[in-house]
Structure formats: C-alpha cells, structure tokens
Amino acid sequence: MGQTNAWTSEVDWHTGRWQRRSPSPPSRGWQPPPPRGLLPKRPLTFIEALDSGFRLLRFVPTLSIGSSLIVFSLWSLLLTAIGALIAVQFLPFFNDLSGNEDAASGFIALAQLGSVALSLLSLGLAHLLSGIIATGTRASFGARRTTLSMAWKSLSGRRLRLILATLLMSGINLGLLLALTAPTLLFLGADSAILAFVWAALAALLWFVALIWVNLRLAFLGSAIAVEDLSVRAGIRRSWKLTARGFWRMLGQLALGYFLSNQLVQLIITPIVFVISVLLGVGMTTTAESTTAQAAIAIVSVGLLLALTLISSAVLFAYFACLVTVCFFDQQMRSEGLDLVLIRAEEDR
C-alpha cells in the first residue's frame, strides 16, 4: 500500500506498517449539554457548602422537610410516652417537690440542662435523615428531583441498617453522658458537694468535646450506608476515613450551619410564640369566670406551641442533614475525584 495515500491508510503502531484505515465511527449528531445541576460538580468553598444546604432544602422540600417531620413526630411521641410514664411513676415525688421552692428551682434548672442534653442526644437522628436525603443529593447534581417515596423505595435493603446506625450513635452519645456523670453521683453519695459540682462542670465540658469529636468523625455514617450500600461497620470505617482530612473545615461548616439555622428558625418562631402568649393571656383574662373555657384555651395554646416546636426542630434537622450530605460528596470530590465521575455520568445519560 502506498505510503502517500494518507487519507485511506494509517500506521499500525504495533508493527510499524501501513494498513487500510479503519472505518470512522458513525456520527452521534448534536446532543444538548448535560444539565448544570443544583449543586456544582466541583469541590465547594466554605460558604458554598453552607448555601448548598439551603438550596438542597428548597429543591427537595418533600424529601428533606417531609422525612424530618415524620422522624421527629415519631421521636416526640416516644419522648411523650416516656415522660408520661415517668410522671405517673414519680407523682408523689413531684407533689412533694412542688411544696419546696428551693427544691423546685433546682429541679427546673436540672430539667433545662436535661433538655439541652436531650437536644444534643437527638443528633443521632441526623444519621437516619442524612441517609434518606443522600439519595436526593446525588440526583441533584443532575438537576433531578427526588420525592420522599422515591427515596424510600431506593433504600430497599438499607433501611434497617440506617435505623441500627441511628440507634448505635444515640447509644454512644448516651453512654458517654452516663459514663462521665457517674462520678458525680458517687461524690454526692459521699457528701462531697464541692467535688460533685467541680466534676459535674468538668464532665459537661468533656462530654461536649467527646460528643462533637465522635459525631464529626462518624458524620457520614448514614450517607455512606445509603449511597454506597455499606454495612454499619463498613460505614463507620468509611466515615472515619473520609473525615481524616479537613477536620476543622468540616467542624466549622457543620457547627456554623447548625448555629445559623437554629438562629434563623428562632427568629421566625419567636414572634409567633409571642402572639400565642399574648392571645393566651387575653383569653384567660376574658374567660376568668369559665373554667372550661380557660382549660380549652390552655390546651389549644399548648398544642400550638408543641406543633411549632416540632416544626422548628424538623426544619432545623432537615437543613443539618442536607448540609451533612453536601459535605459527604464534597469530601469525596476533594479526596477521590468524585466530581470527574459525576461529570462523566451526566455526559453518558
């Protein structure tokens, strides 16, 4: 074959000889570019990650807020049942407590600390929510919306593992609290009030630090189980590996995101609570002669306040779970090149 026939021949690079040119692949024609997607297919900056959590919350509200409302409704029912059982079992103690003002003040302070501890213990629910939302986060890179029913169906075979991971993280958080507060009870039993007070303050600080560190290193447990179909043990190893780098960046993103979303929710809820409180006072004043009317107004007001608390907690944790899933994929882009995989996957669609 002539070497000058360059249009119909080519070099075989294995033998160094000229051969007839292989036929060109058929033209695929023009195709539209892949959709831009809700989240950028590249590593995110610090502020972009915080903003992406809000964007994801607005993009799939039925998945994020809907799943959070269901989870927190069940959680509230469980806490209500436990609280009612405790109130019935310790009713004589509460009656005696109400007659002593100093004891009642101390109990109220302990109850407030308990509510703070309970809110921190509820961080375990973020693993279940992030696992549910992670499927929608992956689809949002291609601008595809995921409903709650679609996400629930896609988690077939992984739901029990997500629940076990949630129970495990809640048990770890509670175990840390019990282990650190046990010496306080021993000091109180030995009539060492000063040592008990000092250790209680130190134990609260140690528990807070341990809680933040453990939950950050295992923050991607639910997302890893949902997206990569891992077992609970493998999900723990996966989350531990992904959070080995960029610890302070992720701590700042998750802590600041939780704080800002909490402040935003409180900013919206506080005026509503104020209006309900004013209406409650007016209603109690105008119906002073009717005990039945006052009881009805009190029940409605308490119901509204509980509903607002439930909704605010659901929105807060929905955003926090969205932020966790965003950080999960962002960390894979930074360390494993997931952005290139996502771009190629969208081009092949």
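As the structure is a computational prediction, the values presented were derived from the model and not from experiment. (Residues numbered from 1 in each chain as written. Predicted model: local features only at pLDDT ≥ 70, side-chain atom pairs only at ≥ 80, totals over all residues. Heavy atoms only, no water.)

1. A few points about helix H1 (residues 46-59)
Worth spelling out the cut-off: A helix here means a DSSP run of H or I that spans at least four residues, while a strand means a run of E at least two residues long, and both kinds are numbered starting from the N terminus. What a helix is expected to span follows from its residue count: subtract one and scale by 1.5 Å. For each residue, the accessible area found with a 1.4 Å probe, counting protein chains only, is set against the maximum for its type, and the residue is called buried under 20%, exposed over 50%, and partly exposed in between.
Taking 1.5 Å of rise per residue, the 14 residues of H1 would be expected to cover 20 Å, and the 20 Å separating its terminal C-alpha atoms lies within 8% of that figure. For H1, the full list of buried residues reads Ala49, Leu50, Ser52, Gly53, Leu56, Leu57 and Phe59.

2. Points about the packing of H1 against helix H12 (residues 291-336)
Stated precisely, the cut-off is as follows: To define axes, lines are fitted to C-alpha atoms, for helices over the stretch in contact only, and angles between the resulting N-to-C directions are given on a 0 to 180 degree scale. Roughly parallel means an angle under 35 degrees; roughly antiparallel, over 145; roughly perpendicular, 65 to 115; everything else is oblique. When the near helix sits turned anticlockwise from the far one by under a right angle, the crossing is termed left-handed; a clockwise turn instead gives a right-handed crossing. In this analysis, two residues are considered to be in contact whenever any of their non-hydrogen atoms come within 4.5 Å of each other. Residues are grouped as follows: Ala, Val, Leu, Ile, Met, Phe, Trp, Tyr, Cys and Pro are nonpolar; Asp, Glu, Lys and Arg are charged; all remaining types, including Gly, are polar.
Interhelical geometry of H1 versus H12 gives an angle of 120 degrees and a closest axis separation of 8 Å. Between H1 and H12, the interaxial angle falls into the category oblique. As H1 runs across H12, the sense of the crossing is right-handed. Contacts between H1 and H12 involve Ala49, Leu50, Ser52, Gly53, Phe54, Leu56 and Leu57 from the former and Ala318, Tyr319, Cys322, Leu323, Thr325 and Val326 from the latter. When grouped by side-chain class, the residues that make up the contact of H1 with H12 number 10 nonpolar, three polar and no charged.

3. Things to note about the packing of aromatic side chains
What counts is decided by this rule: Classification of ring pairs rests on two measures: the distance between centres of Phe, Tyr or Trp rings, Trp counted by its six-membered ring, which must be within 6.5 Å, and the angle between planes, read as stacked under 30 degrees, edge-to-face over 60 and tilted in between. Placement of a positive charge over a ring is assigned whenever Lys NZ or Arg CZ falls within 6 Å of the ring centre and within 35 degrees of the normal to the ring plane.
Scanning all chains against the criterion turns up nine aromatic pairs. A ring pair is formed by tryptophan 213 and tryptophan 240, whose centres lie 5.4 Å apart and whose planes are at 90 degrees; its orientation type is edge-to-face. Here the residue tryptophan 213 occupies a position in helix H8 (residues 193-217), and tryptophan 240 occupies one in helix H10 (residues 232-242), the gap between them amounting to 27 residues. Here tryptophan 213 falls in the partly exposed class, since its relative accessible area comes to 39%. Taken together, the ring pairs connect Phe72, Tyr258, Phe317 and Phe320 into an aromatic cluster. Geometry around tryptophan 240 places arginine 217 over its ring, the cationic atom sitting 4.1 Å from the centre.

4. What to know about the UniProt feature "transmembrane region" (unreviewed entry) in the protein chain
Our working definition: UniProt positions are given in the numbering used here, feature names are shortened, and annotations may be inferred rather than shown by experiment.
Per the UniProt annotation, the sites labelled "transmembrane region" (unreviewed entry) are residues 65-88, 108-141, 162-188, 194-214, 264-284 and 296-329. Spanning residues 194-214, this segment combines 100% helix with 0% strand, and its end C-alpha atoms are found 30 Å apart. The annotated region residues 264-284 carries 100% helix and 0% strand content, and the separation between its end C-alpha atoms amounts to 31 Å.

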